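# Results of the structural survey
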Amino acid sequence: MKLKTSDKAPAKKTVPPEELMSVRDWVRYLVSRMGAAEVAFGQGFVDAWDEAVYLVLHTLHLPLDRLEPFLDAALTVDECERLMRVTERRCEEREPAAYITGEAWLGPFRFRVDPRVIIPRSHIFELMQDGFAPWLDDMGEPERILDLCTGSGCLAIAAAHFFQEARVDAVDLSADALKVAQLNIHDHALRDRIEVLHGDLFEPVGERRYDLIISNPPYVTEAAMAALPDEFRREPEMALGAGADGMDIVRRIVAEAGRHLNPGGLLLVEVGRNQAETEAALPELPLVWLDTDSATAPVFLLRAEDLEQ
């Protein structure tokens, strides 16, 4: 007999270990649990310590940059139960930290995130902090910027902050992702400078031209998709996979970008570790590879003149 909702037994609550009494205890415990579970990193955090500190502080509504004063603070039963649930979600259910907390950070910028969008992480953002120097030096600050495959809107929003005279278009094929992007644009008070456009790459921009086009598109190969850790499978598949060599979307962006760049304009595309695949897919183009503090050649640059058709 099928039980009515009201007849179902309540979900079993995991009781936190009694030995965990302080912030210090819970940070240590979460680091240990993540290690034992062999959780995957790379969705905003590179190791268990940083992620554990963030999850504990966020769950306790403490300042994210102030661990030391609270390390030996005693916790209530309710706080320990909430931390236990966070531990289960991260280590047993393999839910990414950003989806647990509903937020992610790029530098000083906070963004809302949920499973409708890929979790913000970008080498383009690292380059943007230096104003894309020296590549924009001759042109000066861009007045029109296009962010393709915008997802949460994080790069479009960051560009609007770094280039304060620019107008930015943010394009994505996912209507659900754009709902999140609009929330973030509202949070950053940028609705008057960022226009959200729904469609397939350049299709919704019509004949518009830009001084700068940036994109962190899907570029994961079929083989890499098949081997993704559970955490990454939580993210939208359409934001990750891009065919056998990971270049399906990149080829299209490069093929069409020349018609949408102003003279002297730049195209920057993030491809992660796919330098070899990119060079094989675009053998005739003078790709300029850009390094960041955290990676070698994760982004390539092309000038408008390289793409003239």
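My aim in this report is to walk through the structure given alongside it, one point at a time. (Residues numbered from 1 in each chain as written. Predicted model: local features only at pLDDT ≥ 70, side-chain atom pairs only at ≥ 80, totals over all residues. Heavy atoms only, no water.)

## Re the pattern of salt bridges
- Tallied over the full model, the rule gives 20 salt bridges.
- Glu95 is the partner of Arg89 in a salt bridge, and the nearest nitrogen-oxygen pair spans 2.8 Å.
- Residue Arg89 is classed as partly exposed on the basis of its relative accessible area of 22%.
- Relative accessible area serves as the criterion here: at 11%, Glu95 is assigned to the buried category.
- Arg116 is the salt-bridge partner of Asp114, the closest N and O atoms lying 2.7 Å from each other. (Salt bridge = Lys/Arg side-chain N within 4 Å of Asp/Glu carboxyl O. Buried < 20%, exposed > 50% of the residue type's maximum accessible area, 1.4 Å probe, protein only.)

## Observations regarding the side chain of Glu95
- Inspection of the secondary structure puts Glu95 in the loop between helix 3 (77–91) and helix 4 (97–101).
- Side-chain polar atoms of Glu95 contact the side chain of Arg89, separated by 2.8 Å.
- In this structure, Glu95 is in contact with Arg89, Arg90, Ile100 and Arg234, ignoring residues within four places of it in sequence. (Helix = DSSP H or I, 4+ residues; strand = E, 2+ residues; numbered from the N terminus. Polar contact = N/O pair within 3.5 Å; in protein donor to acceptor, adjacent residues only side chain to side chain. Contact = heavy atoms within 4.5 Å.)

## What to know about the environment of Thr292
- Looking at where Thr292 falls in the secondary structure, it is placed in the loop between strand 8 (288–290) and strand 9 (299–303).
- Among the residues examined, Thr292 registers a relative accessible area of 12% and is labelled buried.
- Through-space distance from the C-alpha of Thr292 to that of Glu126 is 6.6 Å; in sequence the pair is 166 residues apart.

## Regarding the packing of aromatic side chains
- Taken as a whole and assessed by the stated rule, the structure comprises 7 aromatic pairs.
- Members of the aromatic cluster, joined through ring pairs, are Phe109, Phe125 and Phe162. (Phe/Tyr/Trp six-rings, centres within 6.5 Å; stacked < 30°, edge-to-face > 60°.)

## Topic: helix 7 (residues 175–187)
- Look at helix 7: 19 Å from first C-alpha to last across 13 residues, which is about the 18 Å you get at 1.5 Å a residue.
- Listed as buried for helix 7 are Ala177, Leu178, Val180, Ala181, Asn184 and Ile185. Mapping the buried residues of helix 7 onto a view down its axis gives an arc of 155°, with all of them on the same face.
- Those residues of helix 7 hidden inside the fold are in contact with strand 2 (109–112), helix 6 (154–162), strand 4 (167–172) and strand 5 (194–198). (Expected span 1.5 Å × (residues − 1). Arc of directions from axis to C-beta.)

## Some words on the packing of helix 2 (residues 48–59) against helix 3
- Between helix 2 and helix 3, whose axes approach to 10 Å, the crossing angle comes to 140°. One finds that helix 2 runs oblique with respect to helix 3. As helix 2 runs across helix 3, the sense of the crossing is right-handed. For the pair helix 2 and helix 3, contact is made by Glu51, Leu55, Val56 and Thr59 and by Arg82, Leu83, Val86 and Arg90, respectively.
- Across the contact of helix 2 with helix 3, the residue classes tally to 4 nonpolar, 1 polar and 3 charged. (Axes fitted to C-alpha atoms, helices over the stretch in contact; angles between N-to-C directions. Parallel < 35°, antiparallel > 145°, perpendicular 65-115°, else oblique. Left-handed = near helix turned anticlockwise from the far one by under 90°. Nonpolar A, V, L, I, M, F, W, Y, C, P; charged D, E, K, R; others polar.)

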